[in-house]
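Architecture and fold: a report
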Amino acid sequence: MYWVFGYGSLIWKPPPHAVERREGYVKGVVRRFAQSSIDHRGVPERPGRVVTVIEAQDWHRLAGDPIKEASDDYVWGVVYRIDSEREDEVRRYLEIREQNGYTSHDVPVYTLSSNGDEEIAVPKAVIWIGRLDNPAFVGPEPMEQLARRILSCQGPSGPNRDYLYHLAASVRELYPHLKDDYLFELEAICKQIEQEERDVPR
């Protein structure tokens, strides 16, 4: 069976021919706005920023973060099962969709049982990761600088800010128990900047 794990726009916009969805998370990774986008949420002259998942230890090293236990890092998303008769079609679609610096990897997806115990939701799912050595990877940026970049960019798929706000809203709606400090801090900074700009006398 072909399962696809979505951690960005796939959360609210499922891949074609998805016939089943499950909630779950991938361990040992972090979700960050560290991938430039010239084909969806930006243009070559002004690349936007979209999320990728990155091996947690690689990110902490790049960002100069304190070393953490690997179990502290995980990304919640949605995993979709693709119609078996349309697998090849969807694979081709995703290869084109994620061509700007992403590579595919097979990972287990976990979830929590009704009593809070960890269990495997899907033994093997495809996840698209922006490798550190890909040309579109931009790495850590100061949060306000990142927010201003997102607010100033737009691409064929729409304004960059809409991507951020849809993601934050989707994660909050799906997982109200989840405390995604990075995502929600970035959302708050963007909204604060927007408010400040509205308050400036014209």
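Below is a short write-up of the structure. (Residues numbered from 1 in each chain as written. Predicted model: local features only at pLDDT ≥ 70, side-chain atom pairs only at ≥ 80, totals over all residues. Heavy atoms only, no water.)

Description of the overall build of the protein
Note the following rule: The helix count covers DSSP runs of H or I at least four residues long, the strand count covers runs of E at least two residues long, and both are numbered beginning at the N terminus. Radius of gyration means the value over C-alpha atoms here, while the globule rule gives 2.2 Å times the residue count to the 0.38 power.
In terms of helices and strands, the protein carries five helices and nine strands. Secondary structure of the protein in N-to-C order comes out as β-β-β-β-α-β-α-β-β-α-β-β-α-α. Taking 2.2 N^0.38 as the reference for a compact globule, 202 residues should give roughly 17 Å; the C-alpha atoms of the protein span a radius of gyration of 17 Å, in line with that estimate. On the principal axes, the C-alpha backbone points of the protein span a range of 55 × 35 × 30 Å.

Here's the deal with the packing of aromatic side chains
Basically, it comes down to this: Between 30 and 60 degrees the pair is tilted, below 30 it is stacked and above 60 it is edge-to-face, where a pair is any two Phe, Tyr or Trp rings, Trp via its six-membered ring, whose centres lie within 6.5 Å. Each residue is placed in one exposure class: buried if its accessible area under a 1.4 Å probe, protein chains only, is under 20% of its type's maximum, exposed if it is over 50%, and partly exposed if it falls in between. As a reminder, the over-ring test applies to NZ of lysine and CZ of arginine, requiring each to be within 6 Å of the ring centre and within 35 degrees of the ring normal.
One pass over the structure, following the stated rule, counts six aromatic pairs. When the ring of Tyr-25 is compared with that of Tyr-74, the centres are 5.6 Å apart and the planes differ by 55°; the resulting orientation is tilted. Of this pair, Tyr-25 sits in strand 2 (residues 18-27) while Tyr-74 sits in strand 5 (residues 74-82); the two residues are 49 residues apart in sequence, bridging distant segments of the chain. Exposure remark for Tyr-25: the relative accessible area of 6% places this residue in the buried category. An angle of 50° between the planes, with centres 4.7 Å apart, marks the rings of Tyr-25 and Trp-76 as tilted. You can see Tyr-25 sitting in strand 2 and its partner Trp-76 sitting in strand 5, a full 51 residues away along the chain. The residues Tyr-25 and Trp-76 share a single accessibility class, namely buried. Sitting over the ring of Tyr-110, Lys-27 keeps its end group 4.1 Å from the ring centre.

Examining unusual backbone geometry
In terms of backbone geometry, most residues other than glycine have negative phi values and most peptide bonds are trans. With a phi close to 60°, His-17 is a non-glycine residue in the positive phi region. Tracing the chain through its elements places His-17 in the loop between strand 1 (3-6) and strand 2. When its relative accessible area of 27% is taken as the criterion, His-17 is described as partly exposed.

Focus: helix 1 (residues 56-63)
For clarity, the cut-off: Throughout, the arc means that of the directions going from the helix axis to the C-beta atoms. The criterion used for residue contact is that any of the two residues' heavy atoms lie within 4.5 Å.
Along helix 1, the residues that are buried comprise Ala-56, Trp-59 and His-60. All buried residues of helix 1 project into a common sector of 95° when viewed along the axis, lining one side. Looking at the buried side of helix 1, the elements it contacts are strand 3 (29-37) and strand 4 (48-55). Looking at the residues trailing helix 1, positive phi occurs at Gly-64, about 70°.

Here's the deal with the pairing of strand 1
Quick note on the threshold: DSSP bridges decide pairing: two strands pair if at least two such bridges lie between them.
In strand 1, alternate side chains face the same way, and those of Trp-3 and Phe-5 on one face and Val-4 and Gly-6 on the other are all buried. Both strand 1 and strand 5 contribute to a ladder of four bridges, which runs antiparallel. In the sheet register, Trp-3 faces strand 5, and the bridge partner there is Arg-81.

Some thoughts on the pattern of salt bridges
This is how the line gets drawn: Should a side-chain nitrogen of Lys or Arg be within 4 Å of a carboxyl oxygen of Asp or Glu, the pair is scored as a salt bridge.
As enumerated under the stated definition, the model contains 13 salt bridges in all. Between Arg-172 and Glu-187 there is a salt bridge, and its shortest N-O distance comes to 2.6 Å. Of this pair, Arg-172 sits in helix 4 (residues 160-174) while Glu-187 sits in helix 5 (residues 181-199), and the two are 15 residues apart along the sequence. When salt bridges with common partners are traced through the structure, they connect Glu-20, Arg-22 and Arg-81 into a single cluster.

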